[in-house]
Amino acid sequence: MTDTLETRLRAIEDRLAIADIIAGYGPAADALDEASLGADWAEDATYTAGEHRFEGRAAIAGITGYATHQGYVAQGCAHVLGPHRIEVDGDTATARGHSVVFLHDAPGWRAERVSANLWHFARTPEGWRITGRENRLLNGDAAAHALLARP
Amino acid sequence: MTDTLETRLRAIEDRLAIADIIAGYGPAADALDEASLGADWAEDATYTAGEHRFEGRAAIAGITGYATHQGYVAQGCAHVLGPHRIEVDGDTATARGHSVVFLHDAPGWRAERVSANLWHFARTPEGWRITGRENRLLNGDAAAHALLARP
Amino acid sequence: MTDTLETRLRAIEDRLAIADIIAGYGPAADALDEASLGADWAEDATYTAGEHRFEGRAAIAGITGYATHQGYVAQGCAHVLGPHRIEVDGDTATARGHSVVFLHDAPGWRAERVSANLWHFARTPEGWRITGRENRLLNGDAAAHALLARP
């Protein structure tokens, strides 16, 4: 019985740990918080955003140093990640959901990028880490829809 | 004591199961994933969106076949459901929150629909299912505000 | 062992209670639900939104009576709070994330305010309560970025 409670508790902790990681991405990106952004990715993680592909934690954390990204932050931007549908399967997990990048365009903000996301996670001795993220603009591209469909 | 832990654990699982269902709606709608969209609704569920009313799981899952919906998906859209306030009461539950439909309007996206939502859920032998969803545009309509106010 | 389960369970309940409070803010604000809005704040809570500063629960709940706020609601608005990164430390907690205020601008909605938020919470005998919220527009202002960076 205790084992069962333990198993159920762990399933909840896994799910919330993954939700925490996703919820931390936008604030870290907007704050140019490179250390915080990098901490949640596996050493050999990959991040594909349309035609751009970043390989390895250092490259991904280095997004905060890109001129385009820094230009967004200076102009005023918000990387808002919506609630994701998370599926944990033992020591790996996936999450599907939306991201919206709002860009300041006085007096308001415009939705500059609205994307589909499929994240992959792995349990490591140090906790859950992102092993991959695929991001595609929801501009009618069927490849974006494929990221959101459940297998 | 174990009973108490069991009860508390179940309360958390209930809440997360309901959050999962809401988080799965948008990805399924955007991916025209009819099977996935239908799976979360009770057989006799109803979905009211302004003047439109869908009765029964088959009719609701069939939204993916509507010309308007397919036009949105082809143009590029995102049905983003925000975090909802969930209240579980035994074997039924409600959730209140926002949904935003972004539509591609090159070079960016525009917020085409911003709505209030009140969801109703029931525990079934197969798990939690949506028994009803009411959606109203937040365009000043008092009926939309009524969906968001706590009873 | 049971103690450990109890501790872990409580950590999850704490986190979800805080997520519930954040998820309830927007619906209460949009519905002019003053009682519901006020219930989640500590008696001596503070809410700073740019140049505006509200001191005490009554003043914060009274936001629903402001002409500007009521004008937004009549025009059609949605206060959408994104998923937040929550950190609980004993009897206090913080949460970092985004808020977006959509305003009806027929035929669609525009993002009128896109902000960084840092919330502070305390455990009280009646449950978790907000003790402070700092909100700053993401318009390039470094003070907004500071709210989102992890300490």
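Structure report, in brief.

What counts, and at which threshold
- Residues numbered from 1 in each chain as written.
- Chains lettered and ligands numbered in written order.
- Predicted model: local features only at pLDDT ≥ 70, side-chain atom pairs only at ≥ 80, totals over all residues.
- Heavy atoms only, no water.
- Contact = heavy atoms within 4.5 Å.
- Buried area = accessible area lost by both parts, 1.4 Å probe.
- Salt bridge = Lys/Arg side-chain N within 4 Å of Asp/Glu carboxyl O.
- Helix = DSSP H or I, 4+ residues; strand = E, 2+ residues; numbered from the N terminus.
- Nonpolar A, V, L, I, M, F, W, Y, C, P; charged D, E, K, R; others polar.
- Buried < 20%, exposed > 50% of the residue type's maximum accessible area, 1.4 Å probe, protein only.
- Least-squares fit on C-alpha atoms with pLDDT ≥ 70 in both.
- Phe/Tyr/Trp six-rings, centres within 6.5 Å; stacked < 30°, edge-to-face > 60°.
- Lys NZ or Arg CZ within 6 Å of the ring centre and 35° of its normal.

**Considering the interface of chain C and chain A**
In many reports, interface size means the accessible area that the parts give up when they come together.
Consideration 1: Between chain C and chain A, the contact holds 28 residues from the first and 36 residues from the second.
Consideration 2: In total, about 2500 Å² of surface goes out of reach between chain C and chain A, with carbon and sulfur atoms giving 63% of it.
Consideration 3: Its largest share of buried area at the contact with chain A, chain C owes to Arg8, Arg85 and His98 of chain C, together 22% of the area lost on that side.
Consideration 4: Along the contact surface separating chain C from chain A lie five salt bridges.
Consideration 5: The shortest N-O distance in the salt bridge between Arg15 of chain C and Asp20 of chain A comes to 2.5 Å.
Consideration 6: Secondary structure elements with two or more residues in the side of chain C that touches chain A: α1 (2–30), β4 (85–89), β5 (92–105), β6 (108–124) and α5 (142–148) of chain C.
Consideration 7: Here the element with the most residues in the side of chain C that touches chain A is α1 of chain C; it accounts for six residues.
Consideration 8: A class-by-class count of the residues in the side of chain C that touches chain A yields 15 nonpolar, six polar and seven charged.

**Some words on the side chain of Arg15 of chain A**
Consideration 1: Topologically, Arg15 of chain A is positioned in helix α1 (residues 2–30).
Consideration 2: Taking the relative accessible area as the measure of exposure, Arg15 of chain A reaches 12% and is therefore buried.
Consideration 3: The contact partners of Arg15 of chain A, leaving out residues within four places of it in the chain, are Ile86 and Val88 of chain A together with Leu16, Ala19 and Asp20 of chain B.

**Observations concerning the relation of the copies chain C and chain A**
Consideration 1: Of the transformation placing chain C onto chain A, the axial shift is 0.0 Å and the rotation is 120 degrees, giving an RMSD of 0.0 Å. Considering both components of the superposition, the chain copies are consistent with a three-fold axis.

**Notes on the relation of the copies chain B and chain A**
Consideration 1: Each copy of the sequence occupies a distinct position, and chain B is placed on chain A by a rotation of 120 degrees and an axial shift of 0.0 Å, giving an RMSD of 0.0 Å.
Consideration 2: Each copy contacts the other with its own distinct surface, as only 17% of the interface residues of chain B are interface residues in chain A too.

**Some thoughts on the packing of aromatic side chains**
Consideration 1: The final tally for this structure, using the stated rule, is 24 aromatic pairs over all chains.
Consideration 2: Look at Trp119 of chain B and Phe121 of chain B: their rings are 6.2 Å apart centre to centre, the planes differ by 10 degrees, and that puts the pair in the stacked class.
Consideration 3: For Trp119 of chain B, a relative accessible area of 0% corresponds to the buried category.
Consideration 4: Judged by relative accessible area, Phe121 of chain B falls into the buried class, the value being 2%.
Consideration 5: Grouping aromatic residues by their ring pairs yields a cluster made of Tyr25, Trp41, Tyr47, Phe54, Tyr66, Trp119 and Phe121 of chain A.
Consideration 6: When the ring centre of Tyr25 of chain B is taken as reference, the NZ or CZ atom of Arg133 of chain B above it lies at 4.6 Å.

**Let's talk about the environment of Gly82 of chain A**
Consideration 1: Within the secondary structure, Gly82 of chain A is located in the loop between β3 (77–81) and β4 (85–89).
Consideration 2: As a C-alpha pair, Gly82 of chain A and His98 of chain A span 16 residues in sequence and 5.4 Å in three-dimensional space.
Consideration 3: Setting aside residues no more than four positions away along its own chain, Gly82 of chain A makes contact with His98 of chain A together with Pro83 of chain C.

**Topic: the interface of chain B and chain A**
Consideration 1: Tallying the contact residues gives 36 residues for chain B and 28 residues for chain A.
Consideration 2: Summed over both sides, the interface between chain B and chain A buries roughly 2500 Å², with carbon and sulfur atoms accounting for 63% of that surface.
Consideration 3: Among the residues of chain B in contact with chain A, Leu9, Asp20 and Trp109 of chain B are the three that bury the most area, contributing 24% of the side total.
Consideration 4: Here chain B and chain A share five salt bridges between them.
Consideration 5: A salt bridge links Arg8 of chain A to Glu13 of chain B; its shortest N-O distance comes to 2.7 Å.

**Some words on the pattern of salt bridges**
Consideration 1: Throughout the structure, instances matching the rule amount to 39 salt bridges over all chains.
Consideration 2: In this structure, the salt-bridge partner of Glu6 of chain C is Arg8 of chain B, at a minimum N-O distance of 2.6 Å. Highlighted residues: Glu6 of chain C in helix α1 and Arg8 of chain B in helix α1 (residues 2–30), drawn from two different chains. Each of the two residues, Glu6 of chain C as well as Arg8 of chain B, counts as buried.
Consideration 3: Each of Asp40 of chain A together with Arg85, Glu87 and Arg150 of chain C takes part in salt bridges that share partners, so that together they form one network.

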